[in-house]
Amino acid sequence: MRKIPLIIVGILLGCLLVGAFSMAIPPIRERVMFKVDEWRAQLQYAIHPPQEAIFVPNPEVDTIVQATMLALSASATPTIIPPTAVITAEISPTPTLTPTPLPAEVIIKGGRYETQHGLWNYCAPATLSIALSYWDWQGTRTDIGPVVKPYEKDKNVMPYELADYVIGYTQLNAIVRYGGTLELIKKLVANGFTVMLEKGIVIRDYNGRMGWMGHYTVVSGYKDASQEFITQDAYFSEDYMVSYAELQQQWRSFNYTFLVIYPPEKETQLFKVLGEYSDQQQSAQIAARIAAEEAVNLSGVQQTFAYFNRGSSLVSLQDYAGAANTYDQAFNLMAALPKDERPWRIMWYQTGPYFAYYYTGRYQDIIELATTTIDTVAEPYIEESYVWRARARIAIGDSQGAIEDTRKALEYHPDFTPAVELAQYLGIQS
């Protein structure tokens, strides 16, 4: 009788050891944690549906602060076509030479496909690995992941973080631009450059509901006959076909942002293909004009994206007052959408509104927007929102709140430069 408890204890200890060993294996840990997070998310989303978490901007700020900020913003504001303008002319200037017609079909070979599945939130590392492989890079997603998302459950990796990885950890170079067009993608592919896009897709989430979320993909070819792009999609499959029309709509939700990787010796060739897009500021100008046209020609969630894109482009152009006003319209449009159509995850992937509101003195709006964003996730691993809320709290004199937010940002993304700088400013000991 005395041996039975020892046997049970031994079995339990054995199970614990097996469980601990299994959790050390990334694929097993990912599957277990995925189910745990799924249950947690379902519970939280049932209590607090994220699509009901609406941010309502309040442009009323201290008159003196607003006047000062607007003056600073205006001094750096380039000439921009107003949001209500309808663009009918071509975006690029009238060419002096007749452009060479593009081939009807192009397929770039030589890449190595990787899936994002089996590890947590590995869309960005897997997709970047695919894009790099076209230039004979020999690494994998697990080389990229620990650098760009050191916290396993980080919700998003920004395009600039991916470009920084390419520049800092490979022998290749990378640029990020906005306001791209389908024709530009085809032109780049026809000249041997794959294009990494940030876009929005609608897939089933933790709640079992179809919902909008951000996604990366690599365009490696196109076929005019079927009006389709050939993409290497880490979520779906290799050689995943997407129609021109579908890609246009998906890409719109991220201001037609694209990343091109290239060897340094091909920079002259790439910039010749890019034309005006060679200059980042000019690409922001193009994106602003595209968004201006779409804002008055679209409706529903697509119009919301257009206004949001307009704001993001104006932030790139340092027109913070114009951007803040445009973001206000975007958030108001989003609040008016049916609940199931709201792209409530949008602030997981964007920081433009924080810039716009900060540089126009609207600190309370930053705090409320960041809080709303953090409240939309079962586990709030969004370091950018914590950093911006900390900055706003510093501005209104809430040092303790800023310290707490900065520590959270560093917990979720150790060595994140903006958080490190805030920690130094606030005197936080590591």
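The rules behind these values
- Residues numbered from 1 in each chain as written.
- Predicted model: local features only at pLDDT ≥ 70, side-chain atom pairs only at ≥ 80, totals over all residues.
- Heavy atoms only, no water.
- Helix = DSSP H or I, 4+ residues; strand = E, 2+ residues; numbered from the N terminus.
- Buried < 20%, exposed > 50% of the residue type's maximum accessible area, 1.4 Å probe, protein only.
- Contact = heavy atoms within 4.5 Å.
- Core = buried A, V, L, I, M, F, W, Y, C linked by side-chain atoms within 4.5 Å.
- Phe/Tyr/Trp six-rings, centres within 6.5 Å; stacked < 30°, edge-to-face > 60°.
- Lys NZ or Arg CZ within 6 Å of the ring centre and 35° of its normal.
- Salt bridge = Lys/Arg side-chain N within 4 Å of Asp/Glu carboxyl O.
- Expected span 1.5 Å × (residues − 1).
- Polar contact = N/O pair within 3.5 Å; in protein donor to acceptor, adjacent residues only side chain to side chain.
- Axes fitted to C-alpha atoms, helices over the stretch in contact; angles between N-to-C directions.
- Parallel < 35°, antiparallel > 145°, perpendicular 65-115°, else oblique.
- Nonpolar A, V, L, I, M, F, W, Y, C, P; charged D, E, K, R; others polar.
- Left-handed = near helix turned anticlockwise from the far one by under 90°.
- pLDDT = per-residue confidence, 0-100.
- Pairing = 2+ DSSP bridges.

Engineer: Which residues make up the overall build of the chain, and what values go with them?
Structural biologist: Along the chain, the regular secondary structure elements total 18 helices and seven strands. The buried share among the 430 residues of the chain stands at 50%. If you take every contact in the chain between residues at least 6 apart in sequence, the share linking residues at least 24 apart comes to 68%.

Engineer: Lay out the nonpolar core with the relevant residues and their values.
Structural biologist: Core analysis: the largest hydrophobic core is formed by 96 residues, its most contacted members being Ile185, Leu188 and Phe258. If we skip the residues at most four places from it in the chain, isoleucine 185 touches Val195, Leu197, Val219, Phe229, Leu247 and Trp251. Listed in part, the 15 residues of the second largest apolar core include Ile374, Ala402, Ala409 and Tyr412.

Engineer: Could you give an account of the packing of aromatic side chains, with specific residues and numbers?
Structural biologist: Throughout the structure, instances matching the rule amount to 25 aromatic pairs. A ring pair is formed by phenylalanine 55 and tyrosine 357, whose centres lie 6.2 Å apart and whose planes are at 50 degrees; its orientation type is tilted. Here phenylalanine 55 is found in the loop between α2 (26-47) and α3 (63-75), whereas its partner tyrosine 357 is found in helix α14 (residues 352-358), with 302 residues between them in sequence. Side by side, phenylalanine 55 and tyrosine 357 carry an identical accessibility label, which is buried. Geometrically, the ring pair formed by tryptophan 344 and tryptophan 348 is edge-to-face, given 5.8 Å between the ring centres and 80 degrees between the ring planes. When its relative accessible area of 13% is taken as the criterion, tryptophan 344 is described as buried. Within the aromatic cluster, the residues linked to one another by ring pairs are Tyr320, Tyr354, Phe355, Tyr358, Tyr359, Tyr363 and Trp388. A cation over a ring is seen here: arginine 391 above tryptophan 388, with NZ or CZ 4.5 Å from the ring centre.

Engineer: Go over the pattern of salt bridges with me, naming the residues and quoting the values.
Structural biologist: One pass over the structure, following the stated rule, counts nine salt bridges. The shortest N-O distance in the salt bridge between arginine 362 and aspartate 328 comes to 2.9 Å. Of the two residues, arginine 362 is situated in the loop between α14 and α15 (363-374) and aspartate 328 in helix α12 (residues 320-336); the sequence distance between them amounts to 34 residues. Arginine 362 sits in the buried class, given a relative accessible area of 5%. You can call aspartate 328 buried: its relative accessible area is 9%. Residues arginine 393 and aspartate 405 are paired through a salt bridge, measuring 2.8 Å at the closest nitrogen-oxygen approach.

Engineer: Would you mind going over unusual backbone geometry in detail, with residue names and values included?
Structural biologist: Here the phi dihedral of asparagine 255 falls at roughly 60 degrees; this positive angle occurs in a residue that is not glycine. Positive phi is not limited to glycine here, since aspartate 415 has a value of about 70 degrees. Inspection of the secondary structure puts aspartate 415 in the loop between α17 (399-412) and α18 (417-426). What makes aspartate 415 exposed here is its relative accessible area of 65%.

Engineer: Any details on helix α10 (residues 280-297)? Residues and values, ideally.
Structural biologist: Taking 1.5 Å per residue as the helical rise, α10 with its 18 residues ought to reach 26 Å, and the 26 Å between its terminal C-alpha atoms agrees with that figure. Of all the positions in α10, only Ser283, Ala284, Ile286, Ala287, Ala288, Arg289, Ile290, Ala291, Ala292, Glu294 and Ala295 are classed as buried. Considering only its buried residues, α10 is in contact with β2 (173-177), α8 (244-252) and α11 (300-316). A side-chain oxygen of the first residue of α10 lies 3.1 Å from the backbone nitrogen of glutamine 281; this N-cap is aspartate 279.

Engineer: Outline the packing of helix α7 (residues 182-190) against α8, supporting the account with residue identities and numerical values.
Structural biologist: Packed helix pairs are characterised by how far apart their axes lie and by the angle those axes make with each other. For the pair α7 and α8, the least separation of the axes is 11 Å and the interaxial angle reads 110 degrees. As far as their axial angle goes, α8 and α7 are roughly perpendicular. Taking contact as the criterion, the partners of Leu182, Ile185 and Lys186 in α7 are, on α8, Tyr244, Leu247, Gln248 and Trp251. Among the residues making up the contact of α7 with α8, the classes are represented as five nonpolar, one polar and one charged.

Engineer: Give me the packing of α10 against α11: which residues, what numbers.
Structural biologist: The N-to-C vectors of α10 and α11 enclose an angle of 155 degrees; their axes lie 8 Å apart at closest approach. Classified by the angle their axes make, α10 and α11 are roughly antiparallel. In this structure, α10 crosses over α11, and the sense of that crossing is left-handed. Each of Gln281, Ala284, Ala287, Ala288, Arg289, Ala291, Ala292, Glu294 and Ala295 in α10 lies in contact with α11, whose residues at this interface are Gln303, Ala306, Tyr307, Asn309, Arg310, Ser313 and Ser316.

Engineer: Just give me the short version of α12, but keep the residues and values in it.
Structural biologist: Given a rise of 1.5 Å per residue, 17 residues ought to cover 24 Å, and the 24 Å separating the end C-alpha atoms of α12 matches this to within 8%. Listed in full, the buried residues belonging to α12 are Tyr320, Gly322, Ala323, Ala324, Thr326, Tyr327, Asp328, Ala330, Phe331 and Met334.

Engineer: How would you summarise the confidence of the model for the chain if you had to cite specific residues and measurements?
Structural biologist: Per-chain confidence: the chain averages 84 in pLDDT, with 77% of residues scoring 70 or above. Low pLDDT, under 50, characterises residues 62-97; the stretch is placed with 51 contacts to residues that sit more than four places away or in other chains.

Engineer: Talk me through the environment of valine 301; I want residue IDs and the actual numbers.
Structural biologist: Counting through the fold element by element, valine 301 comes out in helix α11. Each C-alpha atom, one on valine 301 and one on arginine 342, is 7.1 Å from the other, the two residues being 41 residues apart in sequence. Discounting residues that sit within four places of it in the chain, valine 301 has contacts with Leu337, Glu341 and Pro343.

Engineer: I'd like a description of the pairing of strand β7 (residues 258-262), backed by residues and values.
Structural biologist: Burial analysis of β7 places five of its five residues in the buried class, the great majority of the element. Side chains Phe258, Val260 and Tyr262 project from β7 onto one buried face, and the interleaved Leu259 and Ile261 project onto a second face that is buried too. Of the strand pairs in this sheet, β2 and β7 are connected by five bridges, and their pairing is antiparallel. Counted as the bridge partner of valine 176 is leucine 259 from β7. Two strands pair when backbone bridges link them, and strand β3 (residues 195-204) and β7 are joined in this way by two bridges, in the antiparallel orientation. Across the sheet, residue leucine 197 finds its bridge partner in β7, namely phenylalanine 258.

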